[in-house]
Amino acid sequence: MRVGGGTRLFVIFGDPVEHSLSPVMQNAALQAAGIDGLYVPWRVRAPGLSTALNSLRWMENFGGANVTLPHKEQAASLVDELSPEAASVGAVNTIVSRDGRLLGANTDGQGFLRSLQEEGDFVPRGRRAAILGAGGAARAVVWSLVEAGIAELLILNRTSERAESLADLVSRRMGVWALGLGLGDPRTPGQLATCALLVNATPVGLHPSDPSPIEPALLGPQCLVHDLIYRPRETALLREAKRRGCKVLGGLGMLLYQGALAFELWTGRKPPEQAMRTALLQALA
Ligand code: NAP
């Protein structure tokens with residue numbers, strides 16, 4: 001990779017950001033597409049996000065940005081315009097410059113859905129799903145499942161109020177049956193038993209010693225278990241679900257597809273997905 005005066009700069013804002021595989025994936029994409037660009041991590045603490053993000057307006061060679069934990073929601077209030085997805089989810093993971101204005105988009109939901117459908121072979125229409133978590137990723141997942149015609153949603157979260165308010169939003173604004181419960185609520189076993197899909201949208205599992213975020217005995221063998229975590233590739237949740245006969249899916253596909261969509265938004269080019277996937281697999285090996 002050669003960096004020169006005409007190189008376009010792409011950044012990812014996060015704190016921490018060292019764990020992110022987006023630089024590996026997006027630099028491989030830029031190279032494969034023959035674009036003179038460089039994608040770099042930019043670790044920014046929350047109080048500095050506004051200044052850092054505003055500086056993009058003055059960078060004439062700005063190519064595009066990603067936003068990751070914990071800045072996705074704050075970024076939504078700092079851009080000039082939001083895509084319909086970002087506005088519904090209330091979070092931004094991709095920033096595009098359009099005539100000097102910053103457009104905030106959210107590709108997490110579409111990336112999730114494509115992975116679920118293509119790699120998990122799962123059709124959401126008319127089904128019942130459970131989501132663990134009520135943060136940014138959970139909201140993107142909920143939004144995309146509703147768009148894809150899910151019939152019923154169970155939202156389980158450590159802080160029960162956040163689960164309840166997300167469920168309330170889904171049922172009032174989107175007209176889909178939804179129930180929000182705190183983790184450990186006595187109604188959980190009965191409610192989970194008939195779910196066709198369980199999505200872990202919490203960080204529980206990121207550390208190899210983390211336990212499963214939910215009692216695996218509560219899952220029926222008909223349930224597809226999808227952990228959004230991609231490192232480690234097999235979390236305790238996936239391992240134990242597999243042992244119970246469930247089909248399982250990790251977070252690598254979502255990472256790839258949300259990144260491919262972001263690449264397309266920035267460059268207007270077809271994303272070189274094979275090169276992106278190979279780079280991710282090499283980084284994880
Ligand atoms: P977030 O906005 O910080 O939300 C985290 C959620 O997890 C909250 O609902 C939080 O509950 C819950 N939680 C945190 N620690 C917990 C614990 N120890 N026990 C139980 N619940 C806990 O984070 P996010 O952006 O939604 O990300 C969530 C996960 O999705 C992360 O692991 C991230 O890596 C993954 N992700 C993957 C992809 C991908 O491309 N594969 C994309 C986006 C995110 P409270 O409300 O109680 O705080």
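Our structure's up above, just so we're on the same page.
Residues numbered from 1 in each chain as written. Predicted model: local features only at pLDDT ≥ 70, side-chain atom pairs only at ≥ 80, totals over all residues. Heavy atoms only, no water.

A. Quick peek at the sheet that holds strand β11 (residues 224-227). In space, the six strands of this open sheet follow the order β9-β8-β7-β10-β11-β12, with parallel pairing throughout. On the outer flanks of this sheet lie β9 (177-182) and β12 (248-249), each paired with one strand and no other. For strand β7 (residues 128-132) and strand β8 (residues 152-157), the ladder comprises five bridges, and the chain directions are parallel. Each residue of the ladder has a partner; that of A130, found in β8, is L154. On the sheet, helix α6 (residues 136-147) packs against β7, β8 and β10 (197-200) and is oriented at approximately 170 degrees with respect to β7. Relative to β9, helix α7 (residues 160-174) is tilted by about 175 degrees, and along the sheet it contacts β8 and β9. (Pairing = 2+ DSSP bridges. Helix = DSSP H or I, 4+ residues; strand = E, 2+ residues; numbered from the N terminus. Contact = heavy atoms within 4.5 Å. Axes fitted to C-alpha atoms, helices over the stretch in contact; angles between N-to-C directions.)

B. Region of the structure containing the site of the ligand. Taken together, 23 residues lie around the ligand, and A134, A137, N157, T159 and R162 are the ones closest in. Contact between the ligand and A137: an oxygen atom at 2.7 Å from a main-chain N or O atom of the residue. Between the ligand and the protein, one listed contact pairs an oxygen atom with a side-chain N or O atom of R158 at 2.9 Å. Its free accessible area being 930 Å², the ligand has 80% of it covered by the protein chains. Mapping the ligand onto the cavity grids shows that it belongs to the largest pocket. Residue assignment places the shell around the ligand across two domains, with domain 1 (8-106 + 255-284) and domain 2 (109-250) each supplying three or more. (Near = heavy atom within 4 Å. Polar contact = N/O pair within 3.5 Å; in protein donor to acceptor, adjacent residues only side chain to side chain. Areas by Shrake-Rupley, 256 points an atom, 1.4 Å probe, with all protein chains shown as cover. 1 Å grid on protein atoms, 1.4 Å probe; cavity = no way out; pocket = protein on both sides within 12 Å on 5 of 7 lines; lining within 4 Å. Sits in = over half its atoms within 2 Å of the grid points. Domains from an automatic or database assignment.)

C. Structural view of the nonpolar core. F112, L116, I131, V142, L145, L153 and L197 are the most contacted members of the largest nonpolar core, which totals 30 residues. Counting only elements with at least two residues in this core, the list comes to α5 (108-118), β7, α6, β8, α7 and β10. Counting residues per element, this core draws most heavily on α6, at five residues. Membership of the second largest hydrophobic core comes to 24 residues, among which are A33, L255, F263 and L280. (Core = buried A, V, L, I, M, F, W, Y, C linked by side-chain atoms within 4.5 Å. Buried < 20%, exposed > 50% of the residue type's maximum accessible area, 1.4 Å probe, protein only.)

D. Representation of helix α10 (residues 252-267) in the model. End to end, α10 covers 22 Å across 16 residues, agreeing with the expected 22 Å (1.5 Å per residue, within 8%). Taken across its 16 residues, α10 has 13 buried, putting it largely inside the fold. The first or second residue beyond α10 is G268, which carries a positive phi of 70 degrees. (Expected span 1.5 Å × (residues − 1).)

E. Summary view of the packing of aromatic side chains. As enumerated under the stated definition, the model contains three aromatic pairs in all. Taking 5.2 Å as the distance between ring centres and 35 degrees as the angle between the ring planes, the aromatic pair formed by F13 and W42 counts as tilted. Taken together, the positions of F13 in strand β1 (residues 8-14) and W42 in strand β2 (residues 37-43) put the pair 29 residues apart, joining distant regions of the chain. In textbook terms, an aromatic cluster arises when at least three aromatic residues are bridged by ring pairs, as seen for F10, Y39 and W266. (Phe/Tyr/Trp six-rings, centres within 6.5 Å; stacked < 30°, edge-to-face > 60°.)

F. Layout of the sheet that holds β2. Pairing within the open sheet is mixed, and its six strands lie in the order β2-β1-β3-β5-β6-β4. Since the sheet does not close on itself, it has two edges, and those belong to β2 and β4 (81-82), each with one partner. Bridge analysis of strand β3 (residues 62-67) against strand β5 (residues 94-98) gives two bridges, and the strand direction is antiparallel. Each bridged residue has a counterpart across the sheet, and for A65 the counterpart in β5 is I95. Along the sheet face, helix α1 (residues 22-32) touches β1, β2 and β3 and points at about 165 degrees away from the line of β2. Sheet strands touched by α10: β1, β2, β3, β5 and β6 (101-105). Its angle to β5, the strand with the most contacts, is close to 10 degrees.

G. Examining the environment of Q74 more closely. Within the secondary structure layout, Q74 lies in helix α3 (residues 72-76). Taking the C-alpha atoms as reference points, Q74 and A91, separated by 17 residues in sequence, lie 7.4 Å from one another. Here Q74 is in contact with A46, L49 and S50, once residues within four sequence places are set aside.

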